[in-house]
Amino acid sequence: MMQIAANLLESQGGLDGLIAKLQQGGLAEQAASWVGTGHNQAVNGGQLADALGQGTLTQLASQFGISDEQASSGLAQMLPQLIDQLTPNGNTANAGDLLGSVLGSFLNNKT
């Protein structure tokens, strides 16, 4: 799932692009909570699919041989945590620098 999240970030032009897409898709409050330093608001797979667009999820799912539902539900669980870790100071300024170490940390914790 981490590789799917990394591909999603890349396909949206990085963290700022992904956050903009989520905001435009009706998840502005949730995305802001993930970037901010407080509690991360939850989303479900359906909300994420609506915000990102079904085509985006279908493309990601097919790349990894999983269903659209598996992709959306997995990303709904992972993105709040991932974005939170990429924005420890409540902004996206250094997110690109942190991406590699955060991805590595997630991968190490999942093994």
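Quick note: structure is the one above.
Anyway, here's the lowdown on the structure attached to this text. (Residues numbered from 1 in each chain as written. Predicted model: local features only at pLDDT ≥ 70, side-chain atom pairs only at ≥ 80, totals over all residues. Heavy atoms only, no water.)

### Comments concerning the side chain of Q12
Structurally, Q12 is set in the loop between α1 (2–11) and α2 (15–35). On the basis of relative accessible area, Q12 is assigned to the buried category, the value being 17%. Reaching out from Q12, the side chain makes a polar contact with the side chain of S11 at a distance of 3.4 Å. Apart from the residues lying within four places of it in its own chain, the contact partners of Q12 are G17, L18, K21 and T56. (Helix = DSSP H or I, 4+ residues; strand = E, 2+ residues; numbered from the N terminus. Buried < 20%, exposed > 50% of the residue type's maximum accessible area, 1.4 Å probe, protein only. Polar contact = N/O pair within 3.5 Å; in protein donor to acceptor, adjacent residues only side chain to side chain. Contact = heavy atoms within 4.5 Å.)

### What about the packing of α2 against helix α5 (residues 68–86)?
Where α2 contacts α5, the two axes come as close as 12 Å, and the packing angle between them is 95°. One finds that α2 runs roughly perpendicular with respect to α5. For the pair formed by α2 and α5, the contact residues are L15, L18, I19, L22, W34 and V35 on the first element and L79, P80, I83, D84 and L86 on the second. Of the residues that constitute the contact of α2 with α5, the class distribution is 10 nonpolar, no polar and one charged. (Axes fitted to C-alpha atoms, helices over the stretch in contact; angles between N-to-C directions. Parallel < 35°, antiparallel > 145°, perpendicular 65-115°, else oblique. Nonpolar A, V, L, I, M, F, W, Y, C, P; charged D, E, K, R; others polar.)

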